[in-house]
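The lines below spell out each chain.
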Amino acid sequence: MLGAYALLTLVISLYGFKREKNTPEDYFLAGRTVGPAVLFFTIVATNFSAFFFLGFAGAGYRIGYSYYGTMAFGTSFVAVAFYVVGNRAWLISQTKGYITPPELIGKSLNSKPLEMVYLAVMVIFTLPYLALQPIGAGYIIFNLTDGEVPYFVAASLITAFIVLYVYLGGMRTVAWTDVLQGVMMFSLIIAALLMITRGLGGLGQANAQVLEQEPGLFSVLGLNDYYTSQTWFSFTLIWFLSVPMFPHIFMRFFIPRTSGSLRTTIAIYPVVTAVLFLFPITIGVLGHIPFPALEGTQADQILPMMLAAYTPFWFETLVMVGALAAFMSTMDSQLLALSSMLTRDVYQRTFVPSASHRSQVLVGRLLVAVLAILGLALAYQPPATILEIATQTFTGLSVLFPTTVATLYWPATRPLACILSILAGESLLVGYASGLIPDSLTFGFLPVVPIFIASTAIVILGSLLITSLQAHRA
Amino acid sequence: MKVPDKIGSCLWAGIFAIVFLLSQDHWFLWGDQVRLGPLNFPLRIYYFVFLQFLLAALLGIFLTRWWDRKPNDSDRRH
């Protein structure tokens with residue numbers, strides 16, 4: 001099954017390679033020719049990593065049905081952010097020919113330092129997230145082969161395969177393989193719930209049994225009173241602020257053929273999350289029937305455990321291949337996004353302004369390989385900090401949101417205020433994460449809330465102050 | 001009468017903000033009692049599904065009316 005999936009992916013990448021025009025716009029943005037269906041699947045497949053498969057079920061087991069409220073609605077609301085950021089970003093990038101998010105921000109405000117700061121944040125907070133993909137993929141193959149393929153060998157093979165098809169076909173291949181991966185994810189998780197609930201005597205009966213066994217899973221606060229009003233608010237807000245700021249998502253605002261493609265994606269995005277998110281969470285909740293009292297990271301294995309208990313082996317394997325596809329659909333997009341930013345914003349715009357299109361594409365391809373090796377090196381013996389940093393990724397990237405919206409909409413935005421906003425926001429993040437700033441100063445919210453408020457205030461007040469000082473001097 | 005851009009933008013921002021506030025589950029009078037819906041899912045699940053479909057419908061209306069509006073003053077920098 002894994003071989004069949006790999007072969008199909010290679011065929012797609014060869015087709016993408018044949019169609020490629022060897023320009024940066026074509027390699028990094030598929031020539032800005034992506035239609036609505038492909039755009040929808042590539043945004044969804046890139047956004048929903050294996051966390052959708054494994055993490056949601058685990059969270060459903062640990063927290064209960066309340067998890068659906070924050071995750072599903074919070075993710076649905078991201079569609080509004082796609083409009084706020086995506087529509088203007090598409091329009092401007094089409095008009096000006098921008099290829100990367102730092103390029104858009106830096107050139108819009110005519111500030112190279114801002115472009116570099118924006119780039120640095122995107123790279124710093126995406127790299128550890130990139131490194132986690134081969135870790136997860138390696139463990140899936142290790143388990144699928146009953147240990148015959150060692151973890152790091154599996155991680156290396158997957159990484160090499162991803163580098164191959166991204167190297168060959170760029171964004172065009174990544175987008176088309178995302179369609180394949182998206183269809184797999186959706187159809188498999190639906191089939192998984194149907195088969196599991198059939199084994200449990202039907203969904204209504206299974207829910208009734210879990211309610212009697214563990215009523216906290218059905219409560220407003222979640223099992224063990226997981227949520228408070230403040231954490232609920234924080235979790236529904238954080239996706240809106242951070243998801244459009246992921247470079248691999250942000251760049252997808254540049255690739256549509258027409259603005260109508262993006263409009264279609266935005267409109268149907270909430271419907272998809274409304275329906276699909278319920279499936280893995282339900283599987284996690286129902287996991288209490290055959291597997292009560294799992295603790296900690298054991299709960300993250302609830303999906304493969306339920307599949308093993310209630311579905312035939314071939315189906316269990318197919319779902320794990322789907323989870324692998326989810327890892328790959330995120331990692332290939334991250335590699336391409338990071339490569340494009342380092343090529344355009346560092347190689348071409350800083351060191352070799354006269355670089356030809358051909359050399360930019362070559363450098364971009366080489367950087368895909370270099371970044372993949374870097375991610376693999378981090379995955380070999382991941383330091384504890386990489387996991388801590390990865391968990392801060394969403395908050396770290398959300399710091400860019402006020403700067404981005406201000407740049408896109410507010411003519412009075414000043415680059416110095418944006419730089420200060422970003423530096424202050426990241427400093428606060430480090431402060432909270434290290435304990436230098438006490439938790440009490442979050443007032444019960446996740447750190448993203450006070451950090452967002454502070455970053456926004458600095459952009460607005462800083463820009464007004466600088467404008468006022470400039471007017472005085474004039 | 002055509003609604004001016006800024007008023008229209010504020011109106012829609014307010015509508016989406018209200019939808020967001022409706023998702024803040026603890027502000028609602030659910031109480032601690034678990035109420036079940038079809039298939040014995042908590043009723044709140046159906047509420048959130050409805051909220052997301054409402055969001056999709058509002059986005060559909062908003063995008064149809066607002067998508068191709070002419071750029072206003074804030075575009076002069078670009």
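Scroll up to find the structure this text is about.
Residues numbered from 1 in each chain as written. Chains lettered and ligands numbered in written order. Predicted model: local features only at pLDDT ≥ 70, side-chain atom pairs only at ≥ 80, totals over all residues.

A word on the overall build of chain B
Heads up, the condition is: Helix numbering and strand numbering both begin at the N terminus, where a helix is a DSSP run of H or I of at least 4 residues and a strand a DSSP run of E of at least 2. The exposure scheme places C-beta atoms from the backbone and then counts, for each residue, the other C-beta atoms within 10 Å of its own, assigning buried at 20 or more, exposed at 12 or fewer, and partly exposed in between.
A tally of regular secondary structure across chain B gives two helices and zero strands. When the 78 residues of chain B are sorted by exposure, 18% land in the buried category.

A word on the overall build of chain A
Put simply, the rule is: What the globule rule says is 2.2 Å times the number of residues to the power 0.38, and the radius of gyration is computed from C-alpha atoms. Residue pairs are scored as contacts if the distance between their C-beta atoms, which are placed from the backbone, is within 7 Å.
From N to C terminus, chain A includes 22 helices and zero strands. At 22 Å, chain A has a C-alpha radius of gyration in line with the 23 Å of a compact globule built from 474 residues. Reported as C-alpha extents along the three principal axes, the dimensions of chain A are approximately 75 × 55 × 45 Å. Counting over 474 residues, chain A shows a buried share of 56%. The long-range fraction of contacts in chain A, counting pairs at least 24 apart against all pairs at least 6 apart in sequence, stands at 82%.

Here we look at the packing of helix α8 (residues 112-144) of chain A against helix α16 (residues 313-351) of chain A
All names here are of chain A. Put simply, the test is: Every axis in this analysis is a line fitted to C-alpha atoms, fitted for helices over the stretch in contact. Angles between the N-to-C directions lie between 0 and 180 degrees. Note that the term roughly parallel is reserved for angles under 35 degrees, roughly antiparallel for angles over 145, roughly perpendicular for angles of 65 to 115, and oblique for everything else. Throughout, a crossing is termed right-handed when the near helix is turned clockwise from the far one, and left-handed when it is turned anticlockwise from it by less than a right angle. Just so you know the grouping, Ala, Val, Leu, Ile, Met, Phe, Trp, Tyr, Cys and Pro go in nonpolar, Asp, Glu, Lys and Arg go in charged, and all remaining residues, Gly too, go in polar.
Closest axis-to-axis distance for the α8/α16 pair is 9 Å, and the angle between their directions is 155°. Here α16 runs roughly antiparallel to α8, going by the angle between their axes. For the element pair α8 and α16, the recorded crossing hand is left-handed. Touching E115, L119, M122, V123, T126, Y129, L130, Q133, G136, A137, I140 and L144 of α8 are T317, M320, A323, L324, F327, T330, M331, Q334, L335, L338, M341 and D345, all from α16. Looking at the contact of α8 with α16 residue by residue, the classes come out as 16 nonpolar, six polar and two charged.

Some thoughts on the packing of helix α21 (residues 415-434) of chain A against helix α22 (residues 448-473) of chain A
All names here are of chain A. Across the interface, α21 lies against α22 with an axial gap of 8 Å and an inter-helix angle of 155°. As judged from the angle between their axes, α21 and α22 are roughly antiparallel. In the crossing of α21 with α22, the sense of the turn from one axis to the other is right-handed. Taking contact as the criterion, the partners of L416, A417, C418, L420, S421, A424, G425, L428 and L429 in α21 are, on α22, I451, A454, S455, I458, V459, G462, S463 and I466. Within the contact of α21 with α22, the residues separate by chemical class into twelve nonpolar, five polar and no charged.

Remarks on the environment of I162(A)
Residue and element names in this part refer to chain A. Here I162 is to be found in helix α9 (residues 151-199). In this structure I162 comes out as buried when scored by C-beta crowding, with 27 C-beta atoms within 10 Å. Note: C-alpha distance between I162 and A372 (210 residues apart in sequence) is 8.7 Å. The contacts of I162, once residues within four sequence positions are left out, are M328, M331, D332, L335 and A372.

A word on helix α1 (residues 5-22) of chain B
Note the threshold: Expected helix span is computed as 1.5 Å times (number of residues minus one).
For α1(B), which comprises 18 residues, the first-to-last C-alpha distance of 26 Å matches the rise-based estimate of 26 Å (1.5 Å per residue) to within 8%. Taken across its 18 residues, α1(B) has zero buried, putting it largely on the surface.

Digging into the interface of chain B and chain A
Residue-level contacts link 30 residues of chain B with 37 residues of chain A. Elements supplying a minimum of two residues to the side of chain B that touches chain A: α1 and α2 (43-66) of chain B. By residue number, the principal contributor to the side of chain B that touches chain A is α2(B), which donates twelve residues. Looking at the side of chain B that touches chain A, its residues break down into 17 nonpolar, eight polar and five charged.

Here we look at the nonpolar core
Inside soluble globular proteins, nonpolar side chains tend to come together where they are buried. We count it as follows: Joining buried Ala, Val, Leu, Ile, Met, Phe, Trp, Tyr and Cys residues through C-beta atoms within 7 Å gives a set, and that set is a nonpolar core.
The biggest cluster of nonpolar side chains holds 173 residues, and the ones touching the most others in it are Y68(A), M185(A) and L335(A). Once residues within four sequence positions are removed from consideration, M185(A) is found in contact with A45(A), F48(A), F52(A), G322(A), A325(A) and A326(A).

Brief notes about α8(A)
Residues and elements named next belong to chain A. How we decide: Bend at a residue means the angle formed by two fitted axes: the first through the 7 residues ending at that position, the second through the 7 residues beginning there.
Compared with the 48 Å implied by 1.5 Å per residue over 33 residues, the 48 Å span of α8 between its first and last C-alpha is a close match. Along its length, α8 shows its largest kink, about 25°, at L127, and proline P128 lies within four residues downstream of that point. Once α8 ends, the next one or two residues include D146, with phi positive near 50°.

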